[in-house]
Amino acid sequence: MNSKYPKDSRTTLTDLVLPSETNPLNNLFGGELLARMDRAASIAARRHSRRIVVTASVNHVAFNKAIPLGSVVTVEAVVSRAFKSSMEIFIDVWVEDRESGLRSKANEAIYTFVAVDETGAPVPVPPLEPETDLEKERYAAALRRKQLSLVLAGKMQPNEASELKALFTK
Ligand SMILES: CC(=O)SCCNC(=O)CCNC(=O)[C@H](O)C(C)(C)COP(=O)(O)OP(=O)(O)OC[C@H]1O[C@@H](n2cnc3c(N)ncnc32)[C@H](O)[C@@H]1OP(=O)(O)O
């Protein structure tokens, strides 16, 4: 299978925050943002694999900055590493200032998607070749995050997590 680049999967969703999507403080409801990120990430995973994809885990979410009603929110998702059937997706969330048009980073998240066939069985995905410094940095750390996610899910024994052990023994 030929390698693909992060730019092949990059997905950008831009939308407003409407009243029905806010909490009592008139900021975007966390679950609504999770859904937008899941949607963008699933498109990115599909663009990389060209297969049916399912969310396997949400590895990390940071709600760093509240997003007020009426904001223009951009969710950017990109595959940061591909393994056998799974893909790590990085998601950056930006909010646009109404007057200046400048964007500031509000949130970020990391999801894992798995490519599956029509019966739901995992299938192989193309390898990913990072190009920029940021892409290479995210690629390098992805195996550590995968092992952490598998250990927390009870799918890997801690003593098998070589990348995690290396953090403490280097
Ligand atoms: C777009 C949507 O929202 S879909 C709806 C929400 N998601 C779902 O319904 C998915 C339900 N879950 C499933 O179908 C299955 O658990 C699957 C397909 C995700 C995984 O199936 P499994 O039987 O665990 O398969 P298997 O053990 O072979 O794992 C497949 C891959 O997923 C990875 N994986 C599984 N669980 C995790 C996890 N918690 N964290 C990170 N990676 C994981 C495995 O490491 C493996 O990766 P690799 O092939 O790249 O090495």
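Let me begin by describing the structure that accompanies this report. Along each chain, numbering runs from 1 in the same order as the chain's sequence is written. This being a predicted model, a pLDDT of at least 70 is required before a residue's local features are given, and a value of 80 or more before pairs of side-chain atoms are given or counted; all residues contribute to the totals for chains, interfaces and linings. With hydrogens and water excluded, all non-hydrogen atoms of the structure serve as input to the side-chain values.

### So, the site of the ligand
Okay, step 1: Being near a molecule or strand, for a residue, means having at least one of its heavy atoms within 4 Å of it. In the vicinity of the ligand, 20 residues are found, and the nearest of them are Lys84, Ser85, Ser86, Lys146 and Ser149.
Okay, step 2: Each polar contact in these results corresponds to two N or O atoms within 3.5 Å; when the atoms are within protein, one needs to be able to donate a hydrogen and the other to accept it, and residues that are neighboring in sequence are counted only if both atoms are side-chain atoms. Take threonine 55: an N or O atom from its main chain is 2.9 Å from a nitrogen atom of the ligand.
Okay, step 3: Helix and strand definitions here come from DSSP, where helices need a minimum of 4 consecutive H or I residues and strands a minimum of 2 consecutive E residues; each element is numbered from the N-terminal end. Listing elements by their share of the shell around the ligand, those giving two or more residues are strand 2 (52-63), strand 5 (103-116) and helix 3 (133-152).
Okay, step 4: Considering each element in turn, the shell around the ligand owes the most residues, five residues, to strand 2.
Okay, step 5: In terms of residue class, the shell around the ligand is built from 10 nonpolar, six polar and four charged. Throughout this entry, Asp, Glu, Lys and Arg are counted as charged residues, while Ala, Val, Leu, Ile, Met, Phe, Trp, Tyr, Cys and Pro are counted as nonpolar. The remaining residues, Gly among them, count as polar.

### Points about the pairing of strand 5
Okay, step 1: The buried fraction of strand 5 is high, at 10 of 14 residues.
Okay, step 2: Two strands qualify as a pair provided that DSSP identifies no fewer than 2 bridges between them. In terms of strand pairing, strand 2 meets strand 5 through 10 bridges, oriented antiparallel. Counted as the bridge partner of serine 57 is threonine 112 from strand 5.
Okay, step 3: Relative to strand 5, strand 4 (residues 86-96) runs antiparallel, the two sharing 11 bridges. Burial classes follow relative accessibility: with a 1.4 Å probe on protein chains only, a residue under 20% of its type's maximum area counts as buried, one over 50% as exposed, and anything between as partly exposed.

### Quick look at the packing of aromatic side chains
Okay, step 1: What counts as a ring pair is set by centres within 6.5 Å for rings of Phe, Tyr and Trp (its six-membered ring), and what kind of pair is set by the plane angle: stacked under 30 degrees, edge-to-face over 60, tilted for all other angles. Across all of its chains, the model carries one aromatic pair by this definition.
Okay, step 2: Aromatic pair tyrosine 111 and phenylalanine 113: ring centres 6.4 Å apart, planes at 15°, arrangement stacked. Both residues of the pair, tyrosine 111 and phenylalanine 113, belong to the buried class.
Okay, step 3: The criterion for a charge sitting over a ring is simple: Lys NZ or Arg CZ within 6 Å of the ring centre, and within 35 degrees of the ring normal. Lysine 105 extends its terminal NZ or CZ atom over the ring of tryptophan 94, reaching a point 6.0 Å from the ring centre.
Okay, step 4: The ring of phenylalanine 83 has lysine 146 lying over it, and the distance from NZ or CZ to the ring centre is 4.7 Å.

### Structural notes on the nonpolar core
Okay, step 1: If you look at the biggest cluster of nonpolar residues, it comprises 28 residues, and the most contacted ones within it are Met37, Ile67, Met87, Ile89, Ile91, Val93 and Phe113.
Okay, step 2: For this core, the elements supplying multiple residues, two or more each, are helix 2 (30-49), strand 3 (72-82), strand 4 and strand 5.
Okay, step 3: Element by element, the count of residues in this core is highest for helix 2, at six residues.
Okay, step 4: Contacts between residues were defined by any pair of non-hydrogen atoms, one from each residue, lying within 4.5 Å. Ignoring sequence-local partners within four residues, the contact set of isoleucine 67 consists of Val17, Asn26, Asn27, Leu28, Leu33, Val73, Val93, Val95, Ala106 and Asn107. What is meant by a nonpolar core is a set of buried Ala, Val, Leu, Ile, Met, Phe, Trp, Tyr and Cys residues, joined one to another through side-chain atoms within 4.5 Å.

### Details of the pairing of strand 3
Okay, step 1: The element strand 3 is largely enclosed, with a buried count of 10 among its 11 residues.
Okay, step 2: Here strand 3 pairs with strand 4 via 10 bridges, running antiparallel. The partner of valine 73 across the bridge, within strand 4, is valine 95.
Okay, step 3: Taking the residues that link successive antiparallel strands as the turn, the strand 3-strand 4 hairpin has three residues.

### Topic: the sheet that holds strand 4
Okay, step 1: Pairing is antiparallel in the open sheet, where five strands are placed in the order 1-3-4-5-2. Two strands in the sheet have a free side with no partner beyond their single neighbour: strand 1 (11-16) and strand 2. Here the average twist between neighbouring strands, direction ignored, is 25°.
Okay, step 2: Whenever a helix is involved, its axis is fitted only over the stretch in contact; in every case the axis is a line through C-alpha atoms, and angles between N-to-C directions fall within 0 to 180 degrees. Here helix 2 sits on the sheet in contact with strand 1, strand 2, strand 3, strand 4 and strand 5, set at roughly 45° to strand 3.
Okay, step 3: With respect to the sheet, helix 3 is in contact with strand 2, strand 3, strand 4 and strand 5, its orientation differing from that of strand 4 by roughly 110°.

Coordinates in, geometry out; function isn't part of it.
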